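Tertiary structure, described
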Protein chains: 2
Amino acid sequence: MFEYAESDPALTDEEAKSLITGLRTQLLKAQYQHLQKKDRALLILVGGIDGAGKGDTINLLNEWMDPRHIQTMAFPPPTKDERAYPPLYRFWLNLPPKGSTGIVFGSGYAPLIKEAAKKHPDAATLEKMMLTARRYEADLVANGVQVIKLWFHLSRNAQKARVKRLEKNPSTAWKVGPDDHTVSKRFKRLRKAAQRVIETTDADHAPWIIIPAANENMRNVSTAKAVLSALKKRSVRVPVLHDPAEPPVAKRSHNPLDRIDFTASLAKDDYDDALLHWQNRLATAVRHPKFQKHHALMLVFEGQDAAGKGSSIRRITKALDARQYQITPVAAPKQFELDRPYLWRFWRAVPRHGRIAIFDRSWYGRVLVERVEKLITRQTWQRAYTEINAFEQQLSQHGVLIMKFWLAITPDEQLRRFEARQALPFKQYKITDEDWRNRDKWQAYRQATGDMLTYTDTQQAPWHPISANDKRHARIAVIKQIVETVEAAVK
Amino acid sequence: MFEYAESDPALTDEEAKSLITGLRTQLLKAQYQHLQKKDRALLILVGGIDGAGKGDTINLLNEWMDPRHIQTMAFPPPTKDERAYPPLYRFWLNLPPKGSTGIVFGSGYAPLIKEAAKKHPDAATLEKMMLTARRYEADLVANGVQVIKLWFHLSRNAQKARVKRLEKNPSTAWKVGPDDHTVSKRFKRLRKAAQRVIETTDADHAPWIIIPAANENMRNVSTAKAVLSALKKRSVRVPVLHDPAEPPVAKRSHNPLDRIDFTASLAKDDYDDALLHWQNRLATAVRHPKFQKHHALMLVFEGQDAAGKGSSIRRITKALDARQYQITPVAAPKQFELDRPYLWRFWRAVPRHGRIAIFDRSWYGRVLVERVEKLITRQTWQRAYTEINAFEQQLSQHGVLIMKFWLAITPDEQLRRFEARQALPFKQYKITDEDWRNRDKWQAYRQATGDMLTYTDTQQAPWHPISANDKRHARIAVIKQIVETVEAAVK
């Protein structure tokens, strides 16, 4: 795999010069077409042996292309604040919009190579890391971000010589870091580690390309060619994920909505007592030091129109400090959100440790309204179950407690509430023509909801279908569930 | 000022009920009109005596209005990562877009009150804090963010009683923090501090409104009325800033462009040596621990088309680690940027300590292209000089070294370069019809540039007009200037 690169192939200055003039023109042209079509973003991950010249080549790409549409990023070891978020958070947040190009210096693969290059790498940890990377990239590609991965490689001797050369010249000596020196000593092990990681994370939709890096001309020309070929690709095939480590999905043959007991109710007096009781326990639980340090809470509220999502949320926030939570109401995406993968805007709302994010509607719009209204293809919403489960798993592994509430009401009850709302001046705004239209699609929504409850009810992020015909019953059921989940986590 | 609030006025439940029904309807209606007009955002800063019920009332506003268009924020003491940015950074970044409402819990005034309530407050520090607040708010109001400030107030006895009442009830005891207890002991001093800060930062365009907070009904109704009146305001008058602490502006009667010596040049050999020398010193300087910890670098490149901004930038970045710098190319603002104050998008690109932000064109577009092309009113670009100076002062006070380069070329030289570019396939993209049109406006740009160089050349963020007819001379002049500035700062 590295044989060719380790033969340290070279181009003479003359050979390179004539190639480069053509490549620069083509690169620019391709970049502009890419920008005009705006059907996808291009993400270039640049990894490789330390001291192989990654930085220089990234600078060159910015010189050869129009740097206004290139976003160069680096992800050094996370700071304390960054560690309060799931590891992928900062990668998600910095995705380039459609039409533009992102270059990631260091590629994000450094921790994987580091683990694999240990004397005794932990196989399970490494597997998990590689799986995460594969999932992440597949998700990006399926959602409008093309991914290519460059591995800058050269022979052990060439690496050693390059570092020496850089060090000798006072104007380039700063480019040499401590890692560059240890490379030649650990070359065999690093090479093996890289091979293992590259082989496992190579994919048609997110290929690794080995760049021979010993000779500057060769390195630059090879990189330019790889980028050009990526930009010129007509379309990127959406990967099909058959993921062995799929999160456990409860398989059910019936529609989980059938099981809801709509007769559940609660008397006013019992309700008042219970509400105070649970609000108090909730207030205590989310102030627990263990919650503050190691957990966060993500509460998803879905349900038919007028099911009482907003009023349930208010019963929860009443027990919380306004500084600890954030409500994210979810409506149709804006243009800058459509320019990024679907889950991007939800990643932006992921809470840090100790905080609570409440979603009034959520990423489940993908498999509800977007499916029912045929805003996306069948393939897209079917794939979304896996993507969403993976998203929630990422969060869960970081200690985020994810709870999803489906507030269910019967059609009769909805009608009664619509009519009541129209009579109240300050609630009229809540009823729109769309609400009435949605009522006509009750059955289609019922089917979509059933599938959603079946395919995304996971151990790490369970669905709680709640009968909401009686508001008091629903509110208590919701807050009780939250309290029990948080209390169990901090015990 | 606090007399009425400290009389602890109350409304009976009955009085409140009838008022509130009307207020809720009007609030919603006003919120929707605000949203539809989309001519401004509303920012509500909520401060006040601890234990006066701020949190409860903010929750209520979210209940009474449509919470999907309200963004509730809190700014607790900054984390370590946050302290690497100027203090106002997080406030700027979280501004609500036009049409929507932002509520800031704690108002951001807590540090001011704290300083003012010290036994021996530092007058200079306090003055500076209040000036910063006033400038910040004036800037927001002038740029499409309406500001109101609520101060929740009540008598010492009522505060004490409220805290006791909350504490006694297990379901509200969590609302009582340690600060709530010390309030009654320090009431007189806090009251005096609040009065001082409120009086100095009260302004027509960003008024303080005292909310009597002892009685829940009164508190809620007064808050609703204040918000309603703000939403219903037809338009907000743009404040005129006569700022005593204006940053020092060099007054010149001539156009600074006249002084540029276009004959300056550098021979190829001298250039090569000099470039290596200065790149090396730059690489060393920005790796200095003092730079990493206490400084950041913001480099602004402005100049006529084809003046060589991009190529100068590349000579600098060649000496830098790709992980340490970010180039921000500035073009016409996008819709989501137009929805925020003008400087918002530049605040987003402010570097943290140890980092370098390079701007290929910048916020000076406000007084160049936007002025010359008449995209904004005369009043707006004239005000921009003060706003920009204040912006740069904020950064400078945090250790950010700001250097602004004007790369100047003669009309003949520009023509020569345009023609040369059109002959080179990979540079053709750089020449557009707009560039030719801009040439026709040479004199108008010359005037605007002269004014800019005169009114925004400050000690903390100096302009460096550089003759760029000879590219080699320009590149060395730029990098030398940067090195000398950074070296002086870390000495």
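Attention here is on the structure that accompanies the text.

Structural notes on the nonpolar core
- Ranked by internal contacts, the top residues of the largest apolar core, which has 145 residues, are Leu299 and Ile482 of chain A together with Met298 and Trp363 of chain B.
- For this core, the element with the most residues is helix α22 (residues 471-490) of chain A, which contributes 10 residues.
- Residue contacts for tryptophan 363 of chain B: discarding those within four places in its chain leaves Met298, Val300, Tyr342, Leu343, Phe346, Ile388, Phe391 and Glu392 of chain B.
- Grouped together as the second largest cluster of nonpolar side chains are 143 residues, Ala116 and Phe152 of chain A together with Ile409 and Ile479 of chain B included.

Some words on the packing of helix α8 (residues 156-168) of chain B against helix α9 (residues 178-185) of chain B
Residue and element names in this part refer to chain B.
- Closest axis-to-axis distance for the α8/α9 pair is 9 Å, and the angle between their directions is 150 degrees. What the angle tells us is that α8 and α9 run roughly antiparallel. Handedness of the crossing formed by α8 with α9: left-handed. Two secondary-structure elements touch here, α8 through Arg156, Gln159, Lys160, Val163 and Glu167 and α9 through Asp180, His181, Val183 and Ser184.
- Broken down by class, the residue content of the contact of α8 with α9 amounts to 2 nonpolar, 3 polar and 4 charged.

Considerations on the interface of chain A and chain B
- On the side of chain B, 40 residues touch chain A, which itself brings 40 residues to the contact.
- Between chain A and chain B, the buried area comes to about 4000 Å², and carbon and sulfur atoms account for 63% of it.
- Counting across the interface, chain A meets chain B through 2 salt bridges.
- Residue arginine 314 of chain B is joined to glutamate 63 of chain A by a salt bridge in which the shortest nitrogen-to-oxygen separation is 3.8 Å.
- Secondary structure elements with two or more residues in the side of chain A that touches chain B: α2 (13-37), α3 (54-64), β2 (70-74), α4 (80-83), α12 (268-285), α14 (309-317) and β7 (325-329) of chain A.
- Partitioning the side of chain A that touches chain B into residue classes produces 18 nonpolar, 9 polar and 13 charged.

Observations regarding the sheet that holds strand β6 (residues 296-303) of chain B
Residue and element names in this part refer to chain B.
- Strand order in the open sheet formed by 5 strands is β7-β8-β6-β9-β10, and the pairing between neighbours is parallel. Looking at which strands have only one partner, the edges of the open sheet turn out to be β7 (325-329) and β10 (463-467). For this sheet, the mean inter-axis angle between neighbouring strands, taken without regard to orientation, is 20 degrees.
- Judged from the 5 bridges that link them, β6 and strand β8 (residues 356-360) form a sheet pairing that is parallel.

Quick word on unusual backbone geometry
- Despite not being glycine, arginine 361 of chain A shows a phi value in the positive range, around 70 degrees.
- By secondary structure assignment, the location of arginine 361 of chain A is in the loop between β8 (356-360) and α17 (369-372).

Points about a negative patch on the surface
- A contiguous patch of negative charge, built from Asp13, Glu14, Glu15 and Glu216 of chain A, is present on the exposed surface.
- Note on placement: aspartate 13 of chain A falls in helix α2.

Observations concerning the side chain of histidine 295 of chain B
Residues and elements named next belong to chain B.
- With respect to the helices and strands, the residue histidine 295 is situated in the loop between α13 (289-294) and β6.
- According to the relative accessible area criterion, histidine 295 is buried, its value standing at 13%.
- A polar atom in the side chain of histidine 295 sits 2.7 Å from the backbone oxygen of glycine 399.
- Beyond its immediate chain neighbours, meaning those up to four positions away, histidine 295 contacts Lys290, Arg352, His353, Gly354, Arg355, Gly399, Leu401 and Ala489.

Topic: the pattern of salt bridges
All names here are of chain A.
- Tallying each qualifying case throughout the model produces 50 salt bridges over all chains.
- Of the charged contacts, one joins arginine 361 and aspartate 305 as a salt bridge, the two residues approaching to 2.8 Å between their closest N and O atoms. Separated by 56 residues along the polypeptide, arginine 361 in the loop between β8 and α17 and aspartate 305 in the loop between β6 (296-303) and α14 bring together distant segments of the chain.
- Given the relative accessible area of 28%, arginine 361 is considered partly exposed.
- Through salt bridges that share partners, Lys37, Asp39 and Arg40 make up one connected network.

Here's the deal with the relation of the copies chain A and chain B
- Turning chain A through 180 degrees and shifting it by 0.0 Å along the axis lays it on chain B, with an RMSD of 0.0 Å. The transformation relating the two chain copies, once decomposed into turn and shift, fits a two-fold axis. Residues of chain A ranked by C-alpha distance from the rotation axis are headed by aspartate 81 of chain A, positioned 3.2 Å from it.
- Comparing interface residues between copies, 100% of those in chain A also lie at the interface in chain B; the contact surface is shared.

Some details on the packing of aromatic side chains
- Counted according to the given criterion, the structure contains 39 aromatic pairs over all chains.
- A ring pair is formed by phenylalanine 91 of chain A and tyrosine 136 of chain A, whose centres lie 6.5 Å apart and whose planes are at 65 degrees; its orientation type is edge-to-face. Placement of phenylalanine 91 of chain A in helix α5 (residues 89-93) and of tyrosine 136 of chain A in helix α7 (residues 123-142) is noted, with a sequence separation of 45 residues between them. For the pair shown, phenylalanine 91 of chain A and tyrosine 136 of chain A are each scored as buried.
- Relative to tryptophan 436 of chain B, the ring of phenylalanine 418 of chain B lies with its centre 5.0 Å away and its plane at 80 degrees, an arrangement referred to as edge-to-face. One end of the pair, phenylalanine 418 of chain B, is in helix α19 (residues 411-423); the other, tryptophan 436 of chain B, is in helix α20 (residues 433-440), with 18 residues separating them in the sequence.
- Its relative accessible area of 0% is what places phenylalanine 418 of chain B among the buried residues.
- Among the aromatic residues, those joined into a ring-pair cluster are Phe75, Phe91, Trp92, Tyr136, Tyr342, Phe346, Trp347, Phe359, Trp363, Tyr364, Phe391 and Trp463 of chain A.
- The ring of tyrosine 342 of chain A is capped by arginine 366 of chain A, whose NZ or CZ atom sits 4.1 Å from the centre of that ring.

Overview of the layout of surface pockets
All names here are of chain A.
- Approximately 480 Å³ is the volume found for the second largest pocket.
- For the lining of the second largest pocket, the elements supplying multiple residues, two or more each, are α7, β4 (145-153), α15 (335-338) and α18 (378-397).
- It is α18 that contributes the most residues to the lining of the second largest pocket, 3 residues altogether.
- Its residues placed into classes, the lining of the second largest pocket shows 10 nonpolar, 7 polar and 10 charged.

Focus on α19 of chain B
Residues and elements named next belong to chain B.
- With 13 residues, α19 extends 19 Å from end C-alpha to end C-alpha; this agrees with the ideal 18 Å at 1.5 Å per step.
- Where α19 is concerned, the buried positions are Glu413, Gln414, Arg417, Phe418 and Arg421. Buried positions in α19, seen along its axis, are confined to an arc of 140 degrees and lie on one side of it. In α19, the exposed positions angled more than 90 degrees off the buried face are occupied by Asp412 and Ala423.

Definitions and cut-offs
What you see as residue numbers is a count from 1 along each chain, following the sequence as written. Written order determines the labels here, with chains lettered from A and ligands numbered from 1. In keeping with the predicted nature of the model, local features appear solely for residues at pLDDT of at least 70, side-chain atom pairs appear and are counted solely at 80 or more, and the whole-chain, interface and lining totals rest on all residues. To obtain the side-chain values, all non-hydrogen atoms of the structure were included, while hydrogens and water were left out. Residues belong to one nonpolar core when they are buried, are Ala, Val, Leu, Ile, Met, Phe, Trp, Tyr or Cys, and are joined through side-chain atoms within 4.5 Å. Each residue's exposure class comes from its accessible area (1.4 Å probe, protein chains only) as a fraction of the maximum for that residue type: buried when under 20%, exposed when over 50%, partly exposed otherwise. Helix numbers and strand numbers start at the N terminus; a helix is a DSSP run of H or I with at least 4 residues, a strand a run of E with at least 2. Whether two residues are in contact is decided by their heavy atoms, any of which lying within 4.5 Å being enough. Here an axis means a line fitted to C-alpha atoms, over the contact stretch when the element is a helix, while the angle between two N-to-C directions is reported on a 0 to 180 degree scale. Note that the term roughly parallel is reserved for angles under 35 degrees, roughly antiparallel for angles over 145, roughly perpendicular for angles of 65 to 115, and oblique for everything else. Left-handed describes a crossing in which the near helix is turned anticlockwise from the far one by less than a right angle; the clockwise case is right-handed. All residues other than Ala, Val, Leu, Ile, Met, Phe, Trp, Tyr, Cys, Pro, Asp, Glu, Lys and Arg, Gly among them, are scored as polar; the first ten of these are nonpolar and the last four charged. By buried area we mean how much accessible surface two parts lose on assembly, using a 1.4 Å probe and totalling the loss over both. For this analysis, a salt bridge means a side-chain nitrogen from Lys or Arg found within 4 Å of a carboxyl oxygen belonging to Asp or Glu. A pair of strands is labelled paired if DSSP reports no fewer than 2 bridges between them. Candidate patch residues must exceed 30% relative accessible area and have no salt bridge, after which like charges are joined if within 9 Å and Val, Leu, Ile, Met, Phe, Trp or Tyr side chains if within 5 Å. Methods summary: accessible areas were calculated by the Shrake-Rupley approach with a probe of 1.4 Å, and residue burial reflects only the protein chains presented. Charge counting treats Lys and Arg as positive and Asp and Glu as negative, with His and both chain ends excluded. To locate a charge, take NZ of a lysine, CZ of an arginine, CG of an aspartate or CD of a glutamate. Polar contact is the term for a pair of N or O atoms within 3.5 Å; when the atoms are in protein, one must be able to donate a hydrogen and the other to accept it, and sequence-neighboring residues count only if both atoms are side-chain atoms. The copies were overlaid with a least-squares fit restricted to C-alpha atoms from residues scoring a pLDDT of at least 70 in each copy. In summary, the pairing rule links any two rings of Phe, Tyr or Trp, Trp by its six-membered ring, whose centres are within 6.5 Å, and it sorts them by plane angle into stacked for under 30 degrees, edge-to-face for over 60 and tilted for everything else. Any Lys NZ or Arg CZ that is within 6 Å of a ring centre and within 35 degrees of that ring's normal is treated as a charge sitting over the ring. Throughout, the protein atoms alone are placed on a 1 Å grid, and a set of points is a cavity if a 1.4 Å probe fits but cannot get out or a pocket if it is open with protein on both sides within 12 Å along at least five of seven lines; lining residues have an atom within 4 Å of a point. Grid points are joined across faces, edges and corners, and a volume is the space filled by probe spheres set on the points. Multiplying 1.5 Å by the helix residue count minus one yields the expected span of that helix. Arc definition: directions from the helix axis to the C-beta atoms.

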